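Close look at the chain arrangement
Next come the chains, spelled out residue by residue.
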Amino acid sequence: MMRTRPLKVALLGCGVVGSEVARIMTTHADDLTARIGAPVELAGVAVRRPSKVRAGIDPALVTTDATALVKRGDIDVVIEVIGGIEPARALITTAFEHGASVVSANKALIAQDGAALHATAEQHGRDLYYEAAVAGAIPLIRPLRESLAGDKVNRVLGIVNGTTNFILDKMDSTGAGYQEALDEATALGYAEADPTADVEGFDAAAKAAILAGIAFHTRVRLDDVYREGMTEVTAADFASAKRMGCTIKLLAICERAAHGGSVTARVHPAMIPLSHPLASVREAYNAVFVEAEAAGQLMFYGPGAGGAPTASAVLGDLVAVCRNKLGEATGPGDSAYTQLPVSPMGEVVTRYHISLDVADKPGVLAQVATVFAEHGVSIDTVRQTGKDGEASLVVVTHRAPDAALSGTVEALRRLDTVRGVASIMRVEGE
Ligand SMILES: NC(=O)C1=CN([C@@H]2O[C@H](COP(=O)(O)OP(=O)(O)OC[C@H]3O[C@@H](n4cnc5c(N)ncnc54)[C@H](O)[C@@H]3O)[C@@H](O)[C@H]2O)C=CC1
Ligand SMILES: N[C@@H](CC=O)C(=O)O
Ligand code: NA
């Protein structure tokens, strides 16, 4: 039976995502009502600049006092799309204390304080949903939390940042410069308020922490995630990748160790073969592989950033939370019962592509090969090009622990004949 009294929604933030949430809530009001079983009403919109004209939003709903809005007591659901840690954290906590459930798109906050926020939600019998926080429109949190709740996930690997994928794709396919590609991604609404979060890998690391925690039913903090950004990827790296039949992507990789007693989570640029499905993920699209014991390999693909796609995920959560509210239930909460330790990056085993500038004289290749052998890192291929007494050496290794590779590189830097280590890149997806 349809309830006539509306469920009241407070929207915190009306930027790229918030304005799209408000637009869809208005234009799709009848469908949302039918799907929820009650009307949903935008009861207040907290903004920083009240004088800005916002199409489709009744100015009477606009306030600069977000705290007063979440304290009103008649709000059923708070949608937080402000971003950042504070005041978002305080506002969400206050919302729970005043009886509201929360839908958020804030990966930075959930990665840092998800456990505490879940505990507060549970204490007050409310929901905390954040499908939009990881890979925008792509359903990923809900499949991991619900559809795969009966399986054992061993690996989550993918592209979870639209801005950096957009930049790397432009650099690779059009030869565009880094800044030009970043400016375009920002104009399209993909980049974070401070794009450092995107290009230095913080945004992807926050998403990796959230994914690993949910996938492995454990606690993975942002600091547990090994992180390297993509600002040092050069045209020379792309040329080298092409020679190997690869391209370069910023990947997030969360894995259960082979012995099963620990997990790892990392974000870094990596070469992947052009034949791998992730190689053909263009522009700001995201794609994530989930490998589970019984299900096998699943691939999730779609728009990972942008106002409307992210709003789609927010509205999906809004419908779910409203349905829970009408059914006097709550959805799945935090699940971190396995308490698996997070292993350091040194224990990760993968392949490496190393570019060295070396002196072009007899015995150098043997010297370099000896250093690899001394550290237990087996060489797969070596390619040397040289002129005027200098040479460029590209070494691709077999799989080796990251700590062994770091030791190798340190020792190589100490060789007189090695002028410099031009780049080190992991090779994934083979
Ligand atoms: N833009 C995207 O593609 C995606 C964004 N997200 C997340 O969604 C959230 C919002 O992102 P965007 O909309 O892109 O950012 P934005 O910067 O466009 O919007 C945030 C809005 O919040 C307002 N705001 C800041 N402090 C406020 C306060 N105290 N009270 C009221 N309003 C306040 C700002 O004025 C701004 O209009 C962030 O957590 C972001 O990480 C998640 C997935 C994709
Ligand atoms: N800045 C993020 C937005 C979505 O999470 C990205 O580029 O992926
Ligand atoms: Na998502």
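The residue numbering used here restarts from 1 in each chain and proceeds along that chain's sequence as written. All chains are assigned letters beginning at A, and all ligands numbers beginning at 1, according to the order in which they are written. The predicted origin of the model limits local features to residues at a pLDDT of at least 70 and limits the giving and counting of side-chain atom pairs to 80 or more, whereas totals for whole chains, interfaces and linings rest on all residues. Side-chain measures were taken over the full set of non-hydrogen atoms in the model, leaving aside hydrogen atoms and water.

Things to note about the site of ligand 2
This is how the line gets drawn: Note on definitions. A residue lies near a molecule or strand when any single heavy atom of the residue is within 4 Å of it. In protein, a polar contact means a hydrogen-donor-capable atom and an acceptor-capable atom, both N or O and within 3.5 Å, with residues adjacent in sequence counting only if both atoms are side-chain atoms; elsewhere, any N or O pair within 3.5 Å suffices. Where accessible areas are quoted, they stem from the Shrake-Rupley method and a 1.4 Å probe; at the residue level, only the protein chains shown are allowed to cover. Think of it this way: any DSSP run of H or I at least four residues long counts as a helix, any run of E at least two long counts as a strand, and we number them from the N terminus. All amino acids are sorted into three groups, where Ala, Val, Leu, Ile, Met, Phe, Trp, Tyr, Cys and Pro are nonpolar, Asp, Glu, Lys and Arg are charged, and the leftover types, Gly among them, are polar.
Residues in contact with ligand 2, as listed here, are Lys107, Asn161, Gly162, Thr163, Tyr190, Ala191, Glu192, Asp198, Asp203, Lys207, Gly304 and Ala305. Take Lys107: an N or O atom from its side chain is 2.5 Å from an oxygen atom of ligand 2. Taking Gly162, its main chain carries an N or O atom lying 2.7 Å from an oxygen atom of ligand 2. Coverage of ligand 2 by the protein amounts to 94% of the 250 Å² it exposes when considered alone. For the shell around ligand 2, the elements supplying multiple residues, two or more each, are helix 7 (162-174) and helix 10 (202-216). Residues belonging to the shell around ligand 2 are distributed by class as follows: three nonpolar, four polar and five charged.

What about the side chain of Arg256?
The condition that has to hold: Only protein chains enter the accessibility calculation, which uses a 1.4 Å probe. A residue is then buried if its area is under 20% of the maximum for its type, exposed if over 50%, and partly exposed in between. Charged residues are defined narrowly, with Lys and Arg counted positive, Asp and Glu counted negative, and His plus the chain ends left uncounted. In what follows, salt bridge is the name for a side-chain nitrogen of Lys or Arg lying within 4 Å of a carboxyl oxygen of Asp or Glu. The contact criterion used throughout is that any non-hydrogen atoms of two residues lie within 4.5 Å.
By the secondary structure assignment, Arg256 is in strand 9 (residues 246-256). Here Arg256 occupies a buried position and makes no salt bridge, while the nearest side chain of opposite charge, Glu293, is found at 6.9 Å. Only 3.0 Å separates the side chain of Arg256 from the backbone oxygen of Val153, close enough to count as a polar contact. Those residues in contact with Arg256, other than ones at most four positions away along the chain, are Lys152, Val153, Asn154, Ala215, Phe216, Ser262, Val263 and Leu340.

Overview of the UniProt feature "binding site: L-homoserine" (unreviewed entry) in the chain
What counts, and what does not: UniProt positions are given in the numbering used here, feature names are shortened, and annotations may be inferred rather than shown by experiment.
Summarizing the sequence annotation, UniProt attributes the feature "binding site: L-homoserine" (unreviewed entry) to Glu192 in the numbering used throughout. Mapped onto the elements of the fold, Glu192 is located in the loop between helix 8 (178-187) and helix 9 (196-199). Discounting chain neighbours no more than four positions away, the residues touching Glu192 are Lys107, Ala197, Asp198 and Asp203. Engagement of the side chain of Glu192 in a polar contact is seen with the side chain of Lys107, the distance being 3.1 Å.

Focus: the pattern of salt bridges
Within this structure, the stated rule accounts for 23 salt bridges. Glu146 is paired through a salt bridge with Arg142; the nearest N and O atoms lie 4.0 Å apart. Here the residue Glu146 and the residue Arg142 both occupy positions in helix 6 (residues 141-147), the gap between them amounting to four residues, near one helical turn. Assessed through its relative accessible area of 38%, Glu146 is described here as partly exposed. With relative accessibility at 28%, the residue Arg142 sits in the partly exposed group.

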